[in-house]
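Single-letter residue listing:
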Amino acid sequence: MIEERNEVIDVPDDYSAKRDLFRALMNVRMPREVSDEFLKVQDEFLTHETQSKNLTSIDEIEDAKGKIMLWQGDITTLKVDAIVNAANSKLLGCFIPLHNCIDNVIHSSSGVQLREECDRVMKKQGHDEEVGNAKITSAYNLPSKYVIHTVGPAIPHGSKPSGDDCDKLASCYRSCLDVADENGLESIAFCSISTGVFNFPQELACRIAIETVEDYLKTNETSLKHVIFDVFSDSSYLIYKRELFTD
């Protein structure tokens, strides 16, 4: 990837700094073909890195209410059929080097092939992804089989979500569930869509997510056996636990 940029880049000796450089180069790289030799080395490295993490399978998740489960941790370590990515309308991932958004984390752990596949999907579609819709891709070097990408509503700072914003957030969850069912998947893990840089209030987003999923499971015959809400922070975990398990 350094050779592609036609510029002098000093490669640090320190492993952590070298890993950050590799991720940053992945983040800013536009979608394009890459050599089989590079993919072999990248895939061996990212797969080893994934396998070195503390991976979690469905039978290790304790908080459950029927088909709905709650888990706190890094969504890129879940061994499920699909994880959900909170994407932007270009669906190409985050181009900000080392950004901590879920879009960046998923693309960085998956490999450059994910951006290339997203690019093919978007070129075939011919326009930006609409808010509330979803697309499925392979997961490459992640422990999941697929990534389902959805674009949530963005709320300006200082504003409250409108009724339309709430409807579009609900549509994100329904669209992801539809895509999972259409592909015969049995498990899907949701991140908290739109609650990061898109600024949707967490408690309201949580209620919409749970209500939408519960209604979907009640009213549809589906292949899904497990729907996981994945949260990262302690505060988010408490919000979801209160909504799911308090009568």
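Everything numeric in this text was worked out from a predicted model, so none of it was measured. (Residues numbered from 1 in each chain as written. Predicted model: local features only at pLDDT ≥ 70, side-chain atom pairs only at ≥ 80, totals over all residues. Heavy atoms only, no water.)

**Describing the state of the cysteines**
Then, in step 1: Under the counting rule described, the total for this entry stands at zero disulfides.
Then, in step 2: Take cysteine 191: it sits in no disulfide, and the sulfur closest to it among the cysteines is that of cysteine 176, at 8.2 Å.
Then, in step 3: In this structure cysteine 191 comes out as buried when scored by relative accessible area, which is 7%. (Disulfide = S-S within 2.5 Å. Buried < 20%, exposed > 50% of the residue type's maximum accessible area, 1.4 Å probe, protein only.)

**Some details on the pattern of salt bridges**
Then, in step 1: Inspection of the entire model under this criterion finds twelve salt bridges.
Then, in step 2: Here aspartate 119 makes a salt bridge to lysine 123, at a shortest N to O gap of 3.2 Å. On the criterion of helical spacing, the pair formed by aspartate 119 and lysine 123 is a turn pair, its members being four residues apart in helix 5 (residues 112-125). (Salt bridge = Lys/Arg side-chain N within 4 Å of Asp/Glu carboxyl O. Helix = DSSP H or I, 4+ residues; strand = E, 2+ residues; numbered from the N terminus.)

**A closer look at the nonpolar core**
Then, in step 1: By size, the foremost hydrophobic cluster in this structure holds 55 residues, and its most contacted members are Ile148, Tyr173, Ile188, Phe190, Val213, Phe229 and Tyr240.
Then, in step 2: The element contributing the most residues to this core is helix 6 (residues 163-182), with nine residues.
Then, in step 3: Core analysis: the next-biggest nonpolar cluster, separate from the first, contains seven residues, Met26, Val34, Leu46 and Val112 among them. (Core = buried A, V, L, I, M, F, W, Y, C linked by side-chain atoms within 4.5 Å.)

**Focus: the layout of surface pockets**
Then, in step 1: Approximately 770 Å³ is the volume found for the largest pocket.
Then, in step 2: Lining the largest pocket are 29 residues, and of these Asn100, Cys101, Ile102, Asp103 and Gly196 lie nearest its centre.
Then, in step 3: The set of elements that each furnish at least two residues to the lining of the largest pocket consists of strand 5 (82-87), helix 4 (102-110) and strand 9 (226-231).
Then, in step 4: Looking at which element gives the most residues to the lining of the largest pocket, the answer is helix 4, with four residues.
Then, in step 5: Taken together, the residues that form the lining of the largest pocket break down as twelve nonpolar, 13 polar and four charged. (1 Å grid on protein atoms, 1.4 Å probe; cavity = no way out; pocket = protein on both sides within 12 Å on 5 of 7 lines; lining within 4 Å. Points joined across faces, edges and corners; volume = space filled by probe spheres on them. Nonpolar A, V, L, I, M, F, W, Y, C, P; charged D, E, K, R; others polar.)

**A closer look at the packing of aromatic side chains**
Then, in step 1: Under the criterion given, the structure shown has five aromatic pairs.
Then, in step 2: On the basis of an interplanar angle of 45° and a centroid distance of 4.7 Å, the ring pair of tyrosine 173 and phenylalanine 190 is categorised as tilted. Pair noted here: tyrosine 173 is in helix 6 and phenylalanine 190 is in strand 8 (residues 187-190), with a separation of 17 residues, a long-range link. No difference in accessibility class separates tyrosine 173 from phenylalanine 190, as the two residues are buried.
Then, in step 3: Pairing phenylalanine 229 with tyrosine 240 gives two aromatic rings, centres 5.3 Å apart and planes at 40°, and the pair type is tilted. Taken as a pair, phenylalanine 229 in strand 9 and tyrosine 240 in helix 8 (residues 234-245) lie far apart in primary sequence, eleven residues in all. As far as burial versus exposure is concerned, phenylalanine 229 and tyrosine 240 are alike and both buried.
Then, in step 4: Ring pairing ties together the aromatic residues Tyr173, Phe190, Phe229 and Tyr240, which thus form one cluster.
Then, in step 5: The residue whose ring lies beneath arginine 115 is phenylalanine 95, and the NZ or CZ to ring-centre distance is 3.7 Å. (Phe/Tyr/Trp six-rings, centres within 6.5 Å; stacked < 30°, edge-to-face > 60°. Lys NZ or Arg CZ within 6 Å of the ring centre and 35° of its normal.)

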